[in-house]
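Summary of the model geometry
Here are the chains, one letter per residue:
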Amino acid sequence: MEHYSIEPNKNIFIVFVGLTASGYNLAEDSCNRDIINSIREIKYDADIIDYFKKARTSTCEVNPYWPRTFLLSLSSLFITKRLSLEYTNFPEMLNYMKSLQQINPDEINEELINWLKELPIKIDELQDNSMVQEIWSKYISLVKENIEKYDLMANQSYSSIKRVLDISEELLPELIIIPNYLQAHEATDFVTIEDKIYIITARLDKESIVHELLHHILDIRLEECRDLIDENLYLLKPVLDEMVRYQYAWDYDKGSWSRVFEENFIRAISTWVIFHDDLNNARINANLHEGYGFIYVPIILEQLFLKWKGLDNIDEFVEDCLEECKKCI
């Protein structure tokens, strides 16, 4: 039984049409130039442009569209077609947003909530445009050209995790891959709703799939190690400024350190799963993450090759990792 599907999402496509029309220019390297040009040639009502311009903020230095473009994509998954587009359950979606550890609670304010409430109307306005419909048809053709490649990546990702972590098929969630060539290729978004994981990405790669599946498998186990992780808060100090830039940290506190350690841990174990039989390339990949400020990835990677004893011994393994991390600062 396949645990994944590839499903282009029209709501998300139209959201990014609106973003592209309003000045979003981070997809120049990931989308067909004719599609981007076709979107920009359409004449839009001023209210559409003004609406999507509000997605750009100063929250994240590295990506000025974080977290609002992510929240637009997430909201799109809660919008359905009845007589017209509307939210399936707006309060439920809002509660879900507030539960996300990667979103600063200060972002979910009254202004944002009122802005998101208007999204179904804006999508409706855009999709009534016949030129947008024509672009959507071309876009679907591009997605179809890559289906076989996506199939292969998903299959390999599931197989690698099952083999390396020695876990059964039943422990792996359903994955829904949403190709979105209109977003920045560096910004892969993940949404978990019930037992389904949505990956929204311009350039699907094996590491992104493995990374998110591992979050699903390991988040609960890492939560059980929370006290141990919290005791080592001072390990956040060397990377705090960089992690604030990426918005993994918001301040020097335990919540930020928990997110930062988890991200280092998941990046390391993703590298280990993918390059399990190739230590040299595993180290090269880990060093790339270190270059972005995730300085504990190479250290955790070495521990994975040396001391991993399975999921049932993860608390002992996390303790070993933290001890090694202390030695590098």
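The structure this text deals with has already been given above.
Read on for a plain summary of the structure.

Analysis parameters
- Residues numbered from 1 in each chain as written.
- Predicted model: local features only at pLDDT ≥ 70, side-chain atom pairs only at ≥ 80, totals over all residues.
- Heavy atoms only, no water.
- Buried < 20%, exposed > 50% of the residue type's maximum accessible area, 1.4 Å probe, protein only.
- Helix = DSSP H or I, 4+ residues; strand = E, 2+ residues; numbered from the N terminus.
- Pairing = 2+ DSSP bridges.
- Salt bridge = Lys/Arg side-chain N within 4 Å of Asp/Glu carboxyl O.
- Polar contact = N/O pair within 3.5 Å; in protein donor to acceptor, adjacent residues only side chain to side chain.
- Contact = heavy atoms within 4.5 Å.
- 1 Å grid on protein atoms, 1.4 Å probe; cavity = no way out; pocket = protein on both sides within 12 Å on 5 of 7 lines; lining within 4 Å.
- Points joined across faces, edges and corners; volume = space filled by probe spheres on them.
- Nonpolar A, V, L, I, M, F, W, Y, C, P; charged D, E, K, R; others polar.
- Patch = residues over 30% accessible without salt bridge, like charges linked within 9 Å, V, L, I, M, F, W, Y side chains within 5 Å.
- Areas by Shrake-Rupley, 256 points an atom, 1.4 Å probe, with all protein chains shown as cover.

Quick look at the pairing of strand 6 (residues 196–201) now. By the criterion of burial, strand 6 is predominantly enclosed, with 5 of the 6 residues buried. With 6 bridges connecting them, strand 4 (residues 174–179) and strand 6 associate as parallel partners. Counted as the bridge partner of Pro179 is Thr201 from strand 6. The sheet contact formed by strand 5 (residues 189–193) and strand 6 spans 5 bridges and is antiparallel. Bridge pairing in strand 6 places Phe190 opposite Ile199. Hairpin connection of strand 5 to strand 6: 2 residues between the antiparallel strands, including Glu194 at a positive phi of 55°.

Turning to the pattern of salt bridges, a few remarks are in order. Pairing is possible between side chains of opposite charge, provided their charged atoms come close. All told, the structure shown has 15 salt bridges when counted by the stated rule. In this structure, Lys122 engages Glu125 in a salt bridge whose closest nitrogen and oxygen atoms are separated by 3.8 Å. In this pair, Lys122 and Glu125 both sit in helix 7 (residues 119–127), 3 residues apart, roughly one turn of the helix. By relative accessible area, Glu125 is classed as partly exposed at 31%. Residue Glu302 is joined to Arg283 by a salt bridge in which the shortest nitrogen-to-oxygen separation is 2.8 Å. Of this pair, Glu302 sits in helix 15 (residues 297–307) while Arg283 sits in helix 14 (residues 279–291), placing them 19 residues apart in sequence. Overall, the relative accessible area of 24% leaves Glu302 in the partly exposed class. Because the salt bridges share partners, they merge into one network encompassing Glu28, Arg33 and Arg40.

The two faces of a sheet get side chains in turn, since along a regular strand they alternate between them. With respect to burial, strand 4 is a largely interior element, 5 of its 6 residues being buried. Both strand 1 (residues 4–6) and strand 4 contribute to a ladder of 3 bridges, which runs parallel. Bridge pairing in strand 4 places Tyr4 opposite Leu175.

As a further point, take the side chain of His215. The residue His215 is located in helix 10 (residues 206–223) in this model. On the basis of relative accessibility, which here comes to 11%, the residue His215 falls in the buried class. A distance of 3.0 Å separates polar atoms of two side chains, one belonging to His215 and the other to Glu262. Dropping the residues within four chain positions of it, His215 is found in contact with Glu262, Glu263 and Ile266.

To continue, consider the environment of Glu145. With respect to the helices, strands and loops of the structure, Glu145 is situated in helix 8 (residues 130–145). Judged by its relative accessible area of 63%, Glu145 falls in the exposed class. Sequence-wise, Glu145 and Tyr51 are 94 residues apart; in three dimensions their C-alpha atoms are separated by 33 Å.

Below, the discussion takes up unusual backbone geometry. Residue Pro67 is reached from Trp66 by a cis peptide bond, and omega for that bond is 5°. Position of Pro67 relative to the elements: it lies in the loop between helix 3 (46–53) and helix 4 (68–76). Of note in the backbone geometry, Asp166 takes a positive phi value of approximately 55° without being a glycine. Inspection of the secondary structure assignment puts Asp166 in the loop between helix 9 (147–165) and strand 4. Here Glu194, not a glycine, exhibits a phi torsion of approximately 55°, which is positive.

Here we take up empty space enclosed by the protein. Counted by the stated rule, this structure contains 1 cavity of 30 Å³ or more. In this structure, the largest cavity encloses a volume near 40 Å³. Around the largest cavity, the lining residues are Lys307, Lys309, Gly310, Asn313, Glu316, Phe317 and Asp320. For the lining of the largest cavity, the element with the most residues is helix 16 (residues 314–326), which contributes 3 residues. For the lining of the largest cavity, a count of residues per class yields 1 nonpolar, 2 polar and 4 charged.

There is a patch of nonpolar side chains on the surface, built from Tyr234, Tyr252 and Ile329 and spanning about 270 Å² of accessible area. By the secondary structure assignment, Tyr252 is in the loop between helix 12 (240–246) and helix 13 (254–274).

Note that every value here comes from positions in space, so none of it alone points to a role or purpose.
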